Amino acid sequence: MNKEITRQERADALGGMGCKRKRVEDARFTQGKGNYVDDIKLPGMLFGDFVRSPYAHARIKSINTDRAMALDGVVAVLTADDLRPLGLHWMPTLAGDKQMVLADGKVLFQGQEVAYVVAKDRYIAADAVELVDVEYEELPVVVDPFEALKSDTVLREDLVAEDGSLPDGAHGPRKHHNHIFTWEVGEKDATEQVVSDAAVVAEETMYYHRTHPCPLETCGCVASMDKVNGKLTLYGTFQAPHAIRTVVSLISGIEEHNIRVVSPDIGGGFGNKVGAYPGYVCSVVASIVTGVPVKWIEDRMENLMTTAFARDYWMKGKIAATPEGKITGLWCHVTADHGGFDACADPTKFPAGFMNICTGSYDIPTAYLAVDGVYTNKAPGGVSYRCSFRVTEAVYFIERMIEVLAIELNMDAAELRRINFIKKDQFPYQSALGWEYDSGDYHTAWDKALKAVDYEGLRAEQAQRVEDFKAGKTRKLMGIGLTHFTEIVGAGPVKNCDILGLGMFDSCEIRIHPTGSAIARLGTISQGQGHATTFAQILATEIGLPADNITIEEGDTDTAPYGLGTYGSRSTPVAGAATAMAGRKIRAKAQMIAAYLLEVHDDDVEFDVDRFVVKGAPEKFKTMKEIAFAAYNQAIPGIEPGLEAVSYYDPPNMTYPFGAYICVMDIDVDTGVTDIRRFYALDDCGTRINPMIIEGQVHGGLTEALAVALGQEIAYDDMGNVKTGTLMDFFLPTAWEVPNYETDHTVTPSPHHPIGAKGVGESPHVGGVPCFSNAVNDAFRAFGLRHTHMPHDHWRIWKTANELGLHG
Ligand code: PCD
Ligand SMILES: [Cu+]
């Protein structure tokens, strides 16, 4: 008996969009067969290691490499003096600043690269590092950005002219020798007027502390210069391999076609691996000098102390409203601590990233934002941690401001949000700070979330708890954390987003093989997100071949089409769109071939899951598999054989994912210990490609949010020493601290994205941090607390309780 295969069964067989396809990359990861940069071993390979500054600010009096060079197995020791003739002692940063590759006369942060030792193995290299004699003269250290703007101490002597004047920086005039830029958006006068006329104004200053994504795998590379062919191959932990190739070409003078950059498997990136580090440049130089491959791999302390940090934003806000709670204006000033060099990776026109999304999910008619970037004696970076573009800071800011306003108005914070949300029919919505939100349905998501947790019931329980506490019946308080976030991802339209002049489009190239399988290559690079799984799903649906028969390849610049890489949750919005578009080009040609084979007009066939059928005659069809074979044989006369397509996609707009999060937390007033009883997360990322991967992304992002909100921090002492440079001091949550997350969703497709998908990887972090923080602050609202700074570790919570007089 021949049971007829239904349309649904044919669709299921493809494993296309919307199905919980198991991650294809996990077969190798779970068997220890991943290929990470440290797994790359080339014949004759040498190892590099850095001499790093113990001081945060010091003049270099001298460097003596004699003892190190005398050690058996040491091949070379590079200093700035060796790089100077090549013009490589400084390198450009992605933010338009420049950064020392090796200390040139002085050091600006603890752990800064001073000399690069090359040896036969990494142990000899490490021993030799100890034998390099550096004479330092300590200079006054500036770790506070507000102090920096007043201090006589000049951090960046290279940015002060001979006559003492201050040349403009990459983003305009500078006010002080330690000032980097001022960035202003919105209407200053109008906003200040609204604030001064308002019936109610809430004001708060909040510090979003410095933190670090601390990926499992640290940064590293292997540089291999083939002198005979003049070809440089650079393997490394790069989130943007093509951009790295272009930057290496521009600074080294090696022709771009002679450089091959390869990102192998990456053990987590989280923005930490977007920028260019001195280790890359030194390894390339060392390979050119020695003629053999050179490997450099950071250790954990180097990674935590010197590579791209996140946040370090002081945000001062004023929010104005009517007595009924309708928000009329938002004012924000940020003092942004960038460390010794401005090494952010924001699009050129956005020196503070997309901080101007800080009006959040709310219809705020008037707003103004100003950001001052400042140099201090801390490590450079500022690009990373589940939002390379400062959206996390923006959302934290507005979601805390809303809570503070709710206190000022003596109003319920959920209700305050509801009456200010942008309404469904207002999309596309033009925000006061310049963005066009593509789509959203905030009320639906919010109501669903409140209902799911029985919000009213929780508030009643909380009120009872306060009573009980006051009556001495309990020592535990209960906090309800609320957040409704709007993300902005998918940088981005080339018209307003570029990095170093490279437009932020992305790409996909597809080749269909004769037997109906395929390879697709993209300009992005997975660091654990599962692109090999999800991009094949997009294609399965678009071209009607099984996802299992489609290989996804990323990260090799010799084969992948040019793209700007993976960060800022841009892969789905940009490369995902390119993938769908390239798929549609394949389908268009397949349609012609099908019509030719079926001897009908092109318009008389239509696509049906995995085949083209003759309209009105479903028994007459050609499957995509058949068409693929025909493309290499009986292709239409006069038309090229083969079935390939490429798409370079320049998105018309960003995508605006959003979500509603609720956290229920119990806090022990006497110990400051937090216990997360419930965490509900509703995410709307438009069309969902792989619900299982989305859920994994949400779990990971929330856990990283928990870390940051409740303890994780890169802290400095007054001398500029990093106090949290090891995992003994740097909080990484374990299964012990992590609650059982409840995930949920609504689907509001992006109207301009070919498949309606928005990014999701960053969202849980962006929305999670304020949600945890709001829960802590909310627990003490009944006792008069307005705001406390993160991270809310047990000690700080205990202190808050103590200051509020709750310890009797
Ligand atoms: N609708 C939708 C969306 C999405 N998806 C999925 O999900 C994922 C993600 O996505 P997205 O959102 O687009 O993103 P991407 O671009 O891919 O990625 C990026 C992100 O991602 C995240 N996640 C993750 N995971 C892992 N595992 N690892 C890692 O490293 C990481 N990182 C992080 C970060 S931080 Mo930055 O860089 O800071 O900016 S940004 C970021 C992928 O797979 C995709 O496909 C789906 O499915 N659907
Ligand atoms: Cu972002």
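Residues numbered from 1 in each chain as written. Chains lettered and ligands numbered in written order. Predicted model: local features only at pLDDT ≥ 70, side-chain atom pairs only at ≥ 80, totals over all residues. Heavy atoms only, no water.

### As for the coordination of the copper ion (ligand 2)
Okay, step 1: Only Cys 387 (SG) and Glu 762 (OE) from the protein reach the copper ion (ligand 2) as donors, at distances of 2.2 to 2.3 Å. Of this pair, Cys 387 sits in the loop between strand 17 (366-375) and helix 11 (391-409) while Glu 762 sits in the loop between strand 32 (741-745) and helix 19 (763-779), and the two are 375 residues apart along the sequence.
Okay, step 2: Residue Cys 387 is classed as buried on the basis of its relative accessible area, which comes to 2%. (Donors = N, O, S within 2.8 Å, 3.2 Å for Na, K, Ca; no water. Helix = DSSP H or I, 4+ residues; strand = E, 2+ residues; numbered from the N terminus. Buried < 20%, exposed > 50% of the residue type's maximum accessible area, 1.4 Å probe, protein only.)

### Digging into the domain arrangement of the protein
Okay, step 1: Looking at the assigned domains, one finds that the protein contains domain 1 (7-34 + 506-649), domain 2 (40-139 + 218-266 + 273-306) and domain 3 (310-491 + 654-803).
Okay, step 2: Relative placement of domain 1 and domain 2: their C-alpha centres are 40 Å apart.
Okay, step 3: Domain 1 puts 21 residues into the contact, and the matching count from domain 2 is 18 residues.
Okay, step 4: Taken as a group, Gln 527, Thr 557 and Tyr 562 account for 39% of the area that domain 1 buries against domain 2, more than any other trio of residues on that side. (Domains from an automatic or database assignment. Contact = heavy atoms within 4.5 Å. Buried area = accessible area lost by both parts, 1.4 Å probe.)

### Digging into unusual backbone geometry
Excluding glycine, residues mostly carry a negative phi; peptide bonds, for their part, are mostly trans.
Okay, step 1: A cis amide bond links Phe 427 to the next residue, Pro 428, at an omega of -5°.
Okay, step 2: Residue Pro 791 follows Met 790 across a cis peptide bond; omega there is -10°.
Okay, step 3: Structurally, the position occupied by Pro 791 is in the loop between helix 19 and helix 20 (794-803).
Okay, step 4: A positive phi angle, close to 65°, is found at Val 609, a residue other than glycine.
Okay, step 5: Looking at the secondary structure, you find Val 609 in the loop between strand 26 (605-608) and strand 27 (611-614).

### Structural notes on the site of ligand 1
Okay, step 1: Close contacts around ligand 1 come from 37 residues, with Gly 269, Ser 388, His 531, Gly 568 and Thr 572 the closest.
Okay, step 2: Within the contact set of ligand 1, a nitrogen atom lies 3.1 Å away from a backbone nitrogen or oxygen of Ile 689.
Okay, step 3: Looking at the shell around ligand 1, the elements that each hand over two or more residues are helix 15 (531-543), helix 16 (571-598) and helix 18 (691-710).
Okay, step 4: Of the residues in the shell around ligand 1, the class split is 11 nonpolar, 22 polar and four charged.
Okay, step 5: The two domains that each donate at least three residues to the shell around ligand 1 are domain 1 (7-34 + 506-649) and domain 3 (310-491 + 654-803). (Near = heavy atom within 4 Å. Polar contact = N/O pair within 3.5 Å; in protein donor to acceptor, adjacent residues only side chain to side chain. Nonpolar A, V, L, I, M, F, W, Y, C, P; charged D, E, K, R; others polar.)

### Focus: the nonpolar core
Okay, step 1: In this structure, Tyr 116, Phe 354, Met 355, Val 371 and Phe 679 are the most contacted members of the largest nonpolar core, which totals 183 residues.
Okay, step 2: Among the elements that take part in this core, helix 11 stands out by supplying 12 residues, more than any other.
Okay, step 3: Those residues in contact with Phe 679 that sit more than four places away from it in its chain are Tyr 661, Ile 662, Cys 663, Leu 702, Pro 739, Asn 740, Tyr 741, Glu 742, Gly 768, Cys 771 and Phe 772.
Okay, step 4: Among the nonpolar cores identified, the runner-up in size contains 45 residues, and Leu 545, Ile 627, Leu 643 and Ala 757 belong to it. (Core = buried A, V, L, I, M, F, W, Y, C linked by side-chain atoms within 4.5 Å.)

### Focus: the state of the cysteines
Okay, step 1: For the structure shown, the criterion picks out zero disulfides.
Okay, step 2: Looking at the unpaired Cys 508, the closest cysteine sulfur is the one in Cys 19, lying at 18 Å.
Okay, step 3: According to the relative accessible area criterion, Cys 508 is buried, its value standing at 0%. (Disulfide = S-S within 2.5 Å.)

### Describing the sheet that holds strand 23 (residues 506-512)
Okay, step 1: Spatial strand order, 25-24-23-29: four strands in an open sheet with mixed pairing. Of all the strands in the sheet, just strand 25 (550-554) and strand 29 (644-649) have a single pairing partner and so form its edges. The mean inter-strand angle of the sheet, taken between neighbouring strand axes irrespective of direction, is 15°.
Okay, step 2: Two strands pair when backbone bridges link them, and strand 23 and strand 29 are joined in this way by six bridges, in the antiparallel orientation. Bridging from a neighbouring strand, Cys 508 pairs with Ser 647 of strand 29. (Pairing = 2+ DSSP bridges. Axes fitted to C-alpha atoms, helices over the stretch in contact; angles between N-to-C directions.)

### Let's talk about helix 12 (residues 413-420)
Okay, step 1: Of all the positions in helix 12, only Ala 413, Ala 414, Leu 416, Arg 417 and Asn 420 are classed as buried. Each buried residue of helix 12 lies within a common arc of 160° when the element is viewed along its axis, so the set occupies one face.
Okay, step 2: Buried positions along helix 12 lie against strand 16 (327-339), helix 11, helix 13 (442-453), helix 14 (455-470), strand 20 (476-486) and helix 19. (Arc of directions from axis to C-beta.)

### A few points about the pairing of strand 17
Okay, step 1: Burial of strand 17 is extensive: 10 of the 10 residues sit out of reach of the surface.
Okay, step 2: Residues Thr 366, Tyr 368, Ala 370, Asp 372 and Val 374 of strand 17 are buried on one face, and the alternating residues Ala 367, Leu 369, Val 371, Gly 373 and Tyr 375, pointing to the opposite face, are buried as well.
Okay, step 3: Bridge count between strand 9 (residues 179-186) and strand 17: seven bridges; the pairing is antiparallel. The residue of strand 17 that forms the bridge with Val 185 is Leu 369.

### As for the sheet that holds strand 32
Okay, step 1: With mixed pairing, the four strands of this open sheet are ordered in space as 20-30-31-32. Looking along the sheet, the strands with just one partner apiece sit at the ends: strand 20 and strand 32. Within this sheet the neighbouring strands show an average axis-to-axis angle of 10°, counted without direction.
Okay, step 2: In this sheet, strand 31 (residues 674-684) lies alongside strand 30 (residues 658-668) in antiparallel orientation, the contact comprising 10 bridges. The partner of Gly 659 across the bridge, within strand 31, is Asp 683.
Okay, step 3: Together, strand 20, strand 30 and strand 31 form the strand contacts of helix 19, whose direction differs from that of strand 20 by roughly 150°.

### Side note on the side chain of His 57
Okay, step 1: One can find His 57 in the loop between strand 1 (46-52) and strand 2 (58-64).
Okay, step 2: For His 57, a relative accessible area of 1% gives the class buried.
Okay, step 3: Residues contacting His 57, with those up to four places away along its chain left out, are Lys 106, Val 107, Leu 108, Glu 138, Leu 139, Pro 140, Val 141, Thr 153, Val 154, Leu 155 and Asn 377.

### Some words on the environment of Ile 662
Okay, step 1: Its location among the elements puts Ile 662 in strand 30.
Okay, step 2: Classification of Ile 662 as buried rests on a relative accessible area of 1%.
Okay, step 3: Taking the C-alpha atoms as reference points, Ile 662 and Leu 682, separated by 20 residues in sequence, lie 8.8 Å from one another.
Okay, step 4: Residues within four places of Ile 662 in sequence aside, it is in contact with Ala 449, Leu 450, Val 453, Ile 480, Gly 481, Leu 482, Arg 678, Phe 679, Tyr 680 and Cys 771.

### What about the environment of Glu 626?
Okay, step 1: Assignment of secondary structure puts Glu 626 in helix 17 (residues 624-631).
Okay, step 2: In this structure, the C-alpha to C-alpha distance between Glu 626 and Glu 467, residues 159 residues apart in sequence, is 73 Å.

### Concerning the packing of helix 18 against helix 19
Okay, step 1: Following both chains from N to C, one finds helix 18 and helix 19 inclined at 45°, their axes separated by 8 Å at the closest point. Classified by the angle their axes make, helix 18 and helix 19 are oblique. The element helix 18 and its partner helix 19 pack so that their crossing is right-handed. For the pair helix 18 and helix 19, the contacting residues are Gln 697, Val 698, Gly 701, Leu 702, Glu 704, Ala 705, Leu 706, Val 708, Ala 709 and Leu 710 in the first and Pro 764, His 765, Gly 768, Val 769, Phe 772, Ser 773 and Val 776 in the second.
Okay, step 2: Split by residue class, the contact of helix 18 with helix 19 holds 11 nonpolar, five polar and one charged. (Parallel < 35°, antiparallel > 145°, perpendicular 65-115°, else oblique. Left-handed = near helix turned anticlockwise from the far one by under 90°.)

### Digging into the packing of aromatic side chains
Okay, step 1: Scanning the entire structure with this criterion turns up 34 aromatic pairs.
Okay, step 2: Judged by centre distance (5.2 Å) and plane angle (90°), the rings of Phe 350 and Phe 354 are edge-to-face.
Okay, step 3: Note on Phe 350: relative accessible area 9%, which makes it buried.
Okay, step 4: Measuring from centroid to centroid gives 4.8 Å for Phe 679 and Phe 772, while their planes differ by 35°, and the two rings are tilted. With Phe 679 in strand 31 and Phe 772 in helix 19, this pair connects stretches of sequence that are 93 residues apart. (Phe/Tyr/Trp six-rings, centres within 6.5 Å; stacked < 30°, edge-to-face > 60°.)

### Quick word on the pattern of salt bridges
Okay, step 1: Counted by the stated rule, this structure contains 59 salt bridges.
Okay, step 2: A salt bridge links Asp 38 to Arg 122; the nearest nitrogen and oxygen atoms lie 3.8 Å apart. Of this pair, Asp 38 sits in the loop between helix 2 (26-30) and strand 1 while Arg 122 sits in helix 5 (residues 122-131), placing them 84 residues apart in sequence.
Okay, step 3: Judged by its relative accessible area of 32%, Arg 122 is partly exposed.
Okay, step 4: When salt bridges that share partners are traced, they join Arg 7, Arg 10, Asp 608, Asp 610 and Arg 611 into one network. (Salt bridge = Lys/Arg side-chain N within 4 Å of Asp/Glu carboxyl O.)

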